[in-house]
Amino acid sequence: MYHGLVNDDFPEEIRNFLITYSQNSSRDSAGIARYLNHSCAPNVGVRGLFTLVAMREIKIGEELCWDYDMSEDIDWQMDCSCGSPECRRSIRGFRFLPEDVREKYRGFISDWLVEKYHLKKD
Ligand SMILES: [Zn+2]
């Protein structure tokens, strides 16, 4: 499933739960983010660096999912089979997100990527 490790310095049990917050820094996503799956049609997005917020109204019982490319842009790749009609089949980092997807995610992208790519925040 994983084609590259996010950061070899982290203990193995944490590596798959890292969230990047600068070009060279990651940490354990901890909290609820650790338990949410990726989706190419997310209902949750990133606010700031580590806060997840609803992107739309979420029904009771609906699975919370975010798009890992909202916070990741390092040399890492994961196959995706989220099943959504919008599925990109591969999670490879923000730099590979199509322009229309970036626009759809505006306001829900990690601050470090907003700064790196000089994006409009809202
Ligand atoms: Zn997908």
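Fair warning: this is a prediction, and the values are worked out from it, not measured in the lab.

The next point concerns the overall build of the protein chain. Of regular secondary structure, the protein chain possesses three helices and eight strands. Helices and strands appear in the protein chain in the N-to-C order α-β-β-β-β-β-β-β-β-α-α. Here the C-alpha radius of gyration of the protein chain, 14 Å, is about what a compact globule of 122 residues would show, namely 14 Å. Its C-alpha atoms give the protein chain principal-axis dimensions of roughly 40 × 35 × 25 Å. By residue count, 39% of the 122 residues in the protein chain fall in the buried class. By sequence separation, contacts in the protein chain at least 24 residues apart represent 49% of the contacts at least 6 residues apart. As displayed, the protein chain offers around 7,200 Å² of accessible surface, 49% of which is attributable to carbon and sulfur atoms. Charge separation in the protein chain, taken as the distance between the mean sites of 16 positive and 21 negative side-chain charges, equals 4 Å.

On to the nonpolar core. Of all hydrophobic cores here, the largest spans 24 residues; its most connected members are Trp66, Tyr68, Trp76, Ile91, Tyr105 and Ile109. Secondary structure elements with two or more residues in this core: strand 4 (44-47) and helix 3 (111-116). Among the elements that line this core, the one with the most residues is helix 3, at three residues.

Here the focus is the side chain of Ser39. Within the secondary structure, Ser39 is located in the loop between strand 3 (37-38) and strand 4. Within polar-contact distance, the side chain of Ser39 engages the backbone nitrogen of Ala41 at 2.9 Å. In this view, Ser39 contacts Cys65, Trp66, Asp67 and Cys82; residues no more than four positions away in its chain are not counted.

Attention now moves to the coordination of the zinc ion. Around the zinc ion, the protein contributes the donor atoms Cys40 (SG), Cys80 (SG), Cys82 (SG) and Cys87 (SG), which lie 2.3 to 2.4 Å from the metal centre. The coordination sphere of the zinc ion comprises four donor atoms, whose angles at the metal cover 106 to 117°; the geometry is tetrahedral. Between consecutive donors of the zinc ion, the numbers of intervening residues give the motif C-x39-C-x1-C-x4-C. Taken together, the residues Cys40 in the loop between strand 3 and strand 4 and Cys87 in the loop between strand 7 (78-79) and strand 8 (90-91) connect sequence positions 47 residues apart.

All chains considered together, the criterion is met by seven salt bridges. Two residues, Asp73 and Lys116, come together in a salt bridge whose shortest N-O distance is 2.8 Å. Note that Asp73 is positioned in the loop between strand 6 (65-66) and strand 7 and Lys116 in helix 3, a separation of 43 residues in sequence. Residue classification places Lys116 among the partly exposed residues on the basis of a relative accessible area of 32%.

With four bridges connecting them, strand 4 and strand 5 (residues 51-54) associate as antiparallel partners. Bridge assignment links Val44 to a residue of strand 5, and that residue is Ala54.

To continue, consider the confidence of the model for the protein chain. In this model, the protein chain carries a mean pLDDT of 88, and residues with pLDDT of at least 70 account for 93%. Low pLDDT, under 50, characterises residues 1-6; the stretch is placed with 20 contacts to residues that sit more than four places away or in other chains.

Calculation rules
- Residues numbered from 1 in each chain as written.
- Predicted model: local features only at pLDDT ≥ 70, side-chain atom pairs only at ≥ 80, totals over all residues.
- Heavy atoms only, no water.
- Helix = DSSP H or I, 4+ residues; strand = E, 2+ residues; numbered from the N terminus.
- Rg over C-alpha atoms; globule rule 2.2 N^0.38 Å.
- Buried < 20%, exposed > 50% of the residue type's maximum accessible area, 1.4 Å probe, protein only.
- Contact = heavy atoms within 4.5 Å.
- Areas by Shrake-Rupley, 256 points an atom, 1.4 Å probe, with all protein chains shown as cover.
- Lys, Arg positive; Asp, Glu negative; His and termini not counted.
- Charge placed at Lys NZ, Arg CZ, Asp CG, Glu CD.
- Core = buried A, V, L, I, M, F, W, Y, C linked by side-chain atoms within 4.5 Å.
- Polar contact = N/O pair within 3.5 Å; in protein donor to acceptor, adjacent residues only side chain to side chain.
- Donors = N, O, S within 2.8 Å, 3.2 Å for Na, K, Ca; no water.
- Tetrahedral: all angles 85-135°; square planar, octahedral: opposite > 155°, others 65-115°.
- Salt bridge = Lys/Arg side-chain N within 4 Å of Asp/Glu carboxyl O.
- Pairing = 2+ DSSP bridges.
- pLDDT = per-residue confidence, 0-100.

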